Structures are given as C-alpha cells and as structure tokens.
Amino acid sequence: MNHTTATSPIIVAIDGYSSSGKSTMARRLAAEIGYRYIDSGAMYRATALYAMRHGMTRPDGTVDARALTAAMPQIHIDFRPEPGGTQHTLLNGEDVEDEIRSMAVSSIVSPVAAIPGVRHALTAMQQSLGRDKGIVMDGRDIGTTVFPDAELKVFVKASAQTRAQRRLTELLAKGVSTNFEEVLANVVSRDHIDETREESPLRCAADAIVLDNSTMTAPEQDRWLMDQFLKTAAERP
Ligand code: DC
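Nothing here was measured: the structure is a model prediction, and the numbers come from that model.

Cut-offs and rules
- Residues numbered from 1 in each chain as written.
- Predicted model: local features only at pLDDT ≥ 70, side-chain atom pairs only at ≥ 80, totals over all residues.
- Heavy atoms only, no water.
- 1 Å grid on protein atoms, 1.4 Å probe; cavity = no way out; pocket = protein on both sides within 12 Å on 5 of 7 lines; lining within 4 Å.
- Points joined across faces, edges and corners; volume = space filled by probe spheres on them.
- Helix = DSSP H or I, 4+ residues; strand = E, 2+ residues; numbered from the N terminus.
- Phe/Tyr/Trp six-rings, centres within 6.5 Å; stacked < 30°, edge-to-face > 60°.
- Buried < 20%, exposed > 50% of the residue type's maximum accessible area, 1.4 Å probe, protein only.
- Near = heavy atom within 4 Å.
- Polar contact = N/O pair within 3.5 Å; in protein donor to acceptor, adjacent residues only side chain to side chain.
- Areas by Shrake-Rupley, 256 points an atom, 1.4 Å probe, with all protein chains shown as cover.
- Sits in = over half its atoms within 2 Å of the grid points.
- Nonpolar A, V, L, I, M, F, W, Y, C, P; charged D, E, K, R; others polar.

**Points about the layout of surface pockets**
Thinking step 1. Computed from the structure, the largest pocket encloses a volume of approximately 1,000 Å³.
Thinking step 2. Together, 43 residues line the largest pocket, and Ser-23, Thr-24, Asp-39, Arg-101 and Glu-170 are the ones closest to its centre.
Thinking step 3. Top element by residues in the lining of the largest pocket is helix α2 (residues 22-33). It accounts for six residues.
Thinking step 4. Space inside the second largest pocket adds up to approximately 160 Å³.

**Topic: the packing of aromatic side chains**
Thinking step 1. If you walk through the whole model with that rule in mind, you get two aromatic pairs.
Thinking step 2. Ring centres 6.0 Å apart and planes at 80 degrees place the aromatic pair Tyr-17 and Phe-155 in the edge-to-face group. In this pair, Tyr-17 sits in the loop between β1 (11-16) and α2 while Phe-155 sits in strand β7 (residues 152-157), placing the two residues 138 residues apart along the sequence. Here Tyr-17 matches Phe-155 in class, with each residue buried.
Thinking step 3. Ring geometry for Tyr-35 versus Phe-229: centroids 5.7 Å apart, planes at 90 degrees, classification edge-to-face. Note that Tyr-35 is positioned in the loop between α2 and β2 (36-39) and Phe-229 in helix α10 (residues 218-235), a separation of 194 residues in sequence.
Thinking step 4. A residue is classified by how much of its surface remains accessible, and Phe-229, at 1% relative accessible area, is buried.

**Description of the site of the ligand**
Thinking step 1. Near the ligand, the surroundings consist of 17 residues, among which Arg-45, Ser-110, Arg-119, Asp-141 and Arg-190 are the closest.
Thinking step 2. In this structure, an oxygen atom belonging to the ligand sits 2.7 Å away from a side-chain N or O atom of Arg-45.
Thinking step 3. At 3.3 Å, a side-chain N or O of Asp-194 approaches an oxygen atom of the ligand.
Thinking step 4. Protein coverage of the free-state accessible area of the ligand, which is 450 Å², stands at 96%.
Thinking step 5. Because more than half of its atoms lie within 2 Å of the grid, the ligand is assigned to the largest pocket.
Thinking step 6. Elements with a minimum of two residues in the shell around the ligand: α3 (40-53), α5 (103-113) and α9 (180-196).
Thinking step 7. In terms of residue class, the shell around the ligand is built from four nonpolar, five polar and eight charged.

Right under this line is the structure:
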C-alpha cells in the first residue's frame, strides 16, 4: 500500500535521547511511506566537524561560539541518498558521513549544539526542508521548536546503559577502538548537556507520544511507529 497517496502529507517529528534508535526507526518509516527522511543530528555533527576543521574548537572542549555563529552562512549541508535507503551527509559538497560519526565529533557536538547562533541557522534550514511536509525528521527539538505543529510527534527513550551498549556495538562494527565505559560516559555527558542547555533543551513536547524502547526489538519498534502513523493519518480531515 502506498500510504502517501492515501492522505495528504504530514510532518512526523521524532525526538529523543542519543542512541535511542530513533534515527533507525525514522529512516525505516520514511522509506516505507515514501517520505523524505532528515537526520537533524547529522546537521549538528557536520557543523561540529566544520568548527573542528577551522580551528574553532579549543583543547578544553569549548567552542568559539562567536566565530562559528559568524561562519554559519558558509556552511551548506545536504543529504545524498545511497542504495539501501540510507543517506550520506554532505558538508559543502564533501561526503563526511563517516567522519561525523567519529568519537572526536561526538565529544564536541553537544557544546556546538548549545550555541544559539548554530541552532537558529540549522532550525531555519530544517524548517525549509519541511516546507512541503511529507517528511520524517528526527532530533531533539523537532516537535518542540522546529515543527511545533507537526501532526505526529514521538519521543523515544531508553536507559543510558541500553543506549551505550547499542552505540558500542555500532562503533565496534565500524572498527572504532573504544569500550563500554567510554561510550557510556559520552552518552551520559551528552544527555546532560542536551537537557540543560538554555536554547531548545531536550524535552518531550506536551503532545508527543512517549516510547520507551529499552526492551523492544527493531521490528517491534517499526510496527509501533507505523501504527502511530496510520492512526494519525486516519484521524486527519
Ligand atoms: O542524534 P545525534 O546523536 O546524532 O545528535 C548529535 C548532537 O546534536 C547531540 O548532542 C544533540 C544535538 N542535536 C540537537 O541539539 N538538536 C537536534 N535537533 C538534533 C541533534
């Protein structure tokens, strides 16, 4: 069944904690219903990579917010579809998909995402990507700030240990040398920065449906999300 022809397109906003599996769910739903998928975290990661490459990050883990805010008009982020339904992130035309998933970028991305000038610029880009609806976007503030009127909002959570284990498996499969303690520390520290930053902190929208997927398999999550989508679509005038 082609779900896109059954109803007028909507916006699906999927927010939640890092490594909660929300990107996988979001990407699979988008492929199934013929919507565009946007990984907004990849946009923050690409911006963090730009800051690292241009000497805007300091050895103490802080970022030159003023320089990066001024550089935002020079940062162009695109997504290139890849076979198998995935996509690669392009930073000013360069494929940076692998680099933005490195521990180096992971450890600097939360301070980058806390800079108001970065958030304003990326929020504007995300809103323009969703202008025609028919989009599934995942992140931290999609249902609260980017698309407060999204027709379907989901907030995904799972314990920090579960998320660290998932992330560790992913990193080891990619050949990254790390261990559980290091990954758990990174997950906990990112949670803290994401939840306590002043600008658009990670929080659940009042009208979001909460999913704790700690004990769910990937197919169970996919089915659950598809059910929510079909229910929302069926309720539309
Ligand atoms: O989902 P992720 O782990 O790839 O996100 C990377 C970082 O970007 C994470 O620290 C939170 C931040 N982020 C954000 O602040 N707002 C978003 N909409 C998406 C990600």
